[in-house]
Amino acid sequence: MQVLKFGGSSVKNAENINRVIAIVNEKIKHDKTIVIVSALGGITDILLACSKLASEGNEVYKEKLLESEQRHLQTAKELIPIDRQSAVLSLVKTLCNEIEDICNGIFLLRELSERTKDRIVSYGEILSSQIISAGFQAKATGIEWKDSREIIITNSNFGAAVVDFATTNKKVSSYFNGSSSSLFILPGFISSDASGANTTLGRGGSDYTAAIIAAALDADVLEIWTDVSGMMTADPRLVNNVKVIPQISYQEAMELSHFGAKVIYPPTIQPVSSKGIPTWVKNTFAPEDRGTVIQNGSTKNGSSIRGISSINSISLLSLEGSGMVGIPGFSKRLFEALAVKKINVVLITQSSSEHSICVGVDAVNADEAKTAIDDAFAYEIETKKVEPIIVEKELAIVALVGDNMKSHPGISGKMFGNLGRNGVNVRAIAQGSSERNISAVISTHDVKKAINVLHEEFFETVYKEVNLFIAGVGNVGGKLVAQIEQQQKYLQEKLHLKINVVGLANSRKMLFNDGGIDLVNWKELLAGGAAMNMQEFIDTILVKNLRNAVFADVTANELVAACYDQLLQKSIAVVACNKIACSSGFEYYTRLKRLSTEFNAQFIFETNVGASLPIIVSLNDLLRSGDKIHTMEAVLSGTLNFVFNNYDGKKSFASVVQQAQNEGYTEPDPRLDLSGKDVMRKIMILSREAGEKMEMEDITNHSFMPASCMEGSVADFYLAMEANESHFKELYEEAAAAGKKLKFVAKYDNGTASVGLQHIGPQHDFYHLYGKDNIVLFYTDRYVDQPLVIKGAGAGADITASGVFADIIRTGRI
């Protein structure tokens, strides 16, 4: 004996029903078969809506009933040959007239009881099963239709009746064992009480009908046919890379279904699990797919976790007070108050101090639950022994489920660590003593991100995905995008890392795509994007709330730098090429560092000093290992080093500066480089990282630029340099006459900092510094006589972009 249940999506229309008939015809070749069907997809909701409208005196119910009738008639006409339609169309019409009569009565009385609701919704399954039965018969397949209400007996709790298994099992066994038919069809969901009144088995009741019959007959197998190819590791509507769970235990399936995995409903599992009947979840639209088998015992799947599920629209109710400590009975009274109102408790957690107890309920019941509990504890509230119930709304539960979690330490740590790193605040935690489930209450807003974070950690061994937003796609930013596009395959294969560029912005336009922006055609796509507004760009990042989010600032814009704190507070990593934030006021710099630590969001600005050279990371490594920085000497401007390496008095100083700008070595405004201000920023950043509280005004700048060169526009700047060529030539000739070179040097020495042009002799480490190279000398407790030297190219779009790229990769490797 085998029992097959087909859900609403499987029997939604004639095309789908023909799929069902084909599946069943193949199945009956092997064994006696019972088919349970739901109402046509969406019909139950329509019938409930009609009854509600009628009770409210809204005549729109008549239009909806007509739509329902036409849908059933159309399905029958498409399914059954015209010469065999008469009987089934007549039956459909008769049943639809009965529904209309009941709704008319509701309309006149303006009254809708649970009993009447059960009567109305039962027609959905009766209609579908009769039409499908006629469809089988039209294809010359012998089938016996049986009314489930005659064999499934319940109490009179209308809406969610409780089955009388003793009576039901006898009736089921008697009927099927006494019939010679090999194929039966029954409406799911519906039942009757001892007096014959219509009852229903609650949402998901068709699954339950199938399980009741399978258990009563000790069937060999129960198959639940739906629109997915089995139970998934997570909700495919929320996670792209879900996997089918090939095998799962009854207990695991029960936990997952309780926590929102609606492929199968919790009551379904109870009857078959007690009999050890394997239950398959199969796909009507892909019958060749293996699906999921639910049975006793669990197998290892390479992970301690079997699946991740969630329940949305939860409210937390907290009962707190010093009067609860050491006094027995508080929990009993709380749960009794909820039970009287028939409010189901989804989650329970209590502090070990007994000072508080917290329960989770469906959000629709939150206000009623608060009133009930406040009434139950009115005396204690009045005498200040406990506080009035605190209700928190807009919450959800995310749960990890798996039999193999038991005796596997570290699961909770991974779960909460990953949630924390992504800025998901956990409001409450619960874990059963079986260690089969770990539940966390979080904001509804964070559900999608949380499930994706956990799924990536526990199931996606292929790669980790970083969602990247880039502000600034000019010279350096454009090179960065090209490098990411070039290296995607390498990163996935070698580092198991996927960088998904989901946001781009320049000064004019901004573009978003959660699925990833095409990095080949990004320029055209960005040109067609929305008008750029920095705060809107940040707000969109925050609203999207994507996991493993990283913001890369490849601008030199003060407004962009001012937004870092908003991102860090939401646990979004910031990679800054822009030096403005770290060289702004010391208070903002320390605030960003503090937010990075507090919200577990990385703040990386390696390219602020020396482009892609590992200067800041080396400085931090020295300090973390216990060393102390005494002196730092550095050439930190690739622009100035290029200029003084190429200026020999034969070409004008202005033309060499122009060459540096043309080759991409300067800041957008070259005066930042030539004035020494950019170098001041860099030595200040290094000083701050070394532990010094330093502002720009604390740094001495021995500028070599005439004041007239720093006035007016950039064009005026070049004209003024041409006019002052004799000044620059004199600087060069003075150094050359002494056998030395000109270098613009930054120096930190035990708390003080300065920048300025110096004459460097052949014996100095700076003398053989060519092109656009940077160099830093660290003198420390450990590096006393011979400094730690870091040297290399310190400017250029490609090099700077590679440094930003390396920082982005670093965020994804932690």
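The present account deals with the structure reproduced in this document. Please read these numbers as outputs of a predicted model, since none were measured by experiment. (Residues numbered from 1 in each chain as written. Predicted model: local features only at pLDDT ≥ 70, side-chain atom pairs only at ≥ 80, totals over all residues. Heavy atoms only, no water.)

**A short note on the overall build of the protein**
Using the following cut-off: Helix and strand assignments follow DSSP, with helices taken as H or I runs no shorter than four residues and strands as E runs no shorter than two, numbered in order from the N terminus. Under the scheme applied here, a residue whose accessible area is under 20% of the maximum for its type counts as buried, over 50% as exposed, and between as partly exposed, the area being computed with a 1.4 Å probe on protein chains only. For this analysis, residues touch if any pair of their heavy atoms sits within 4.5 Å. Working definition of accessibility: Shrake-Rupley area with a 1.4 Å probe, residue cover restricted to the visible protein chains. By the counting rule applied here, Lys and Arg register as positive and Asp and Glu as negative, while His and the ends of each chain are not counted. For charged residues, the charge sits on one atom: NZ in Lys, CZ in Arg, CG in Asp, CD in Glu.
Within the protein, the secondary structure is distributed over 28 helices and 30 strands. Seen through its principal axes, the protein has C-alpha atoms that stretch 115 × 70 × 55 Å. Looking at the 814 residues of the protein, the share that counts as buried comes to 54%. For the protein, the share of sequence-separated contacts (at least 6 apart) that also reach a separation of at least 24 residues comes to 72%. Surface summary for the protein: the accessible area is close to 34200 Å², and the carbon and sulfur share equals 49%. Looking at the protein, you have 81 positive and 94 negative side-chain charges, and the mean spots of the two groups are 4 Å apart.

**A short note on helix α2 (residues 43-55)**
Heads up, the rule is: Between the first and last residue of a helix there are one fewer steps than residues, each counted as 1.5 Å, and that sum is the expected span.
For α2, built from 13 residues, the straight-helix expectation of 18 Å at 1.5 Å per residue is met to within 8% by its first-to-last C-alpha distance of 18 Å. Within the sequence span of α2, burial applies to Ile-43, Thr-44, Leu-47, Cys-50, Ser-51, Leu-53, Ala-54 and Ser-55. Where the residues of α2 are buried, they touch α3 (60-79), α4 (86-109) and α5 (114-138).

**Quick notes on the packing of aromatic side chains**
Where we set the bar: Aromatic contacts are taken between Phe, Tyr and Trp rings whose centres are within 6.5 Å, Trp giving its six-membered ring; a plane angle under 30 degrees counts as stacked, one over 60 as edge-to-face, and the others as tilted. Either the NZ atom of lysine or the CZ atom of arginine qualifies as a charge over a ring when it sits within 6 Å of the ring centre and within 35 degrees of the ring normal.
Throughout the structure, instances matching the rule amount to 22 aromatic pairs. Summarising the aromatic geometry, the rings of Tyr-175 and Phe-176 are spaced 4.9 Å apart at their centres and angled 75° between planes, so their arrangement reads as edge-to-face. Per residue, the accessibility class of Tyr-175 equals that of Phe-176, and both read buried. Arranged with centres 6.0 Å apart and planes meeting at 70°, the rings of Tyr-647 and Tyr-732 form a pair that is edge-to-face. With Tyr-647 in the loop between α22 (638-646) and α23 (653-662) and Tyr-732 in helix α27 (residues 725-737), this residue pair connects regions lying 85 residues apart in the sequence. Residue classification places Tyr-647 among the buried residues on the basis of a relative accessible area of 3%. One residue, Arg-110, lies across the ring of Phe-107, its end atom 4.5 Å from the ring centre. When the ring centre of Tyr-767 is taken as reference, the NZ or CZ atom of Lys-741 above it lies at 4.4 Å.

**Focus: the pairing of strand β2 (residues 33-37)**
Quick reminder of the rule: Two strands make a pair as long as DSSP finds a minimum of two bridges between them. Seen with its strands pointing away from the viewer, a crossover is right-handed when the path leading from the first strand over the helix to the second is clockwise.
By the criterion of burial, β2 is predominantly enclosed, with five of the five residues buried. Two elements, strand β1 (residues 2-6) and β2, share five bridges in a ladder whose sense is parallel. Pairing of Phe-6 across the sheet is with Val-37, part of β2. Assessed by its sense of winding, the connection that carries the chain from β1 through helix α1 (residues 14-27) to β2 is right-handed. Direction of pairing for β2 relative to strand β5 (residues 183-187): parallel, over a ladder of five bridges. By the bridge assignment for β5, Val-35 is matched with Ile-185.

**Focus: the sheet that holds strand β12 (residues 307-320)**
What counts, and what does not: Note on geometry: axes are lines fitted to C-alpha atoms, helical ones only across the stretch in contact, with angles between N-to-C directions running from 0 to 180 degrees.
The antiparallel open sheet is built from six strands, whose spatial order is β13-β14-β12-β15-β17-β16. Of all the strands in the sheet, just β13 (345-350) and β16 (428-431) have a single pairing partner and so form its edges. Ignoring which end each strand starts from, the neighbouring axes of this sheet average 30° apart. Note that β16 and strand β17 (residues 437-443) share four bridges and pair antiparallel. Bridging from a neighbouring strand, Gln-431 pairs with Ile-438 of β17.

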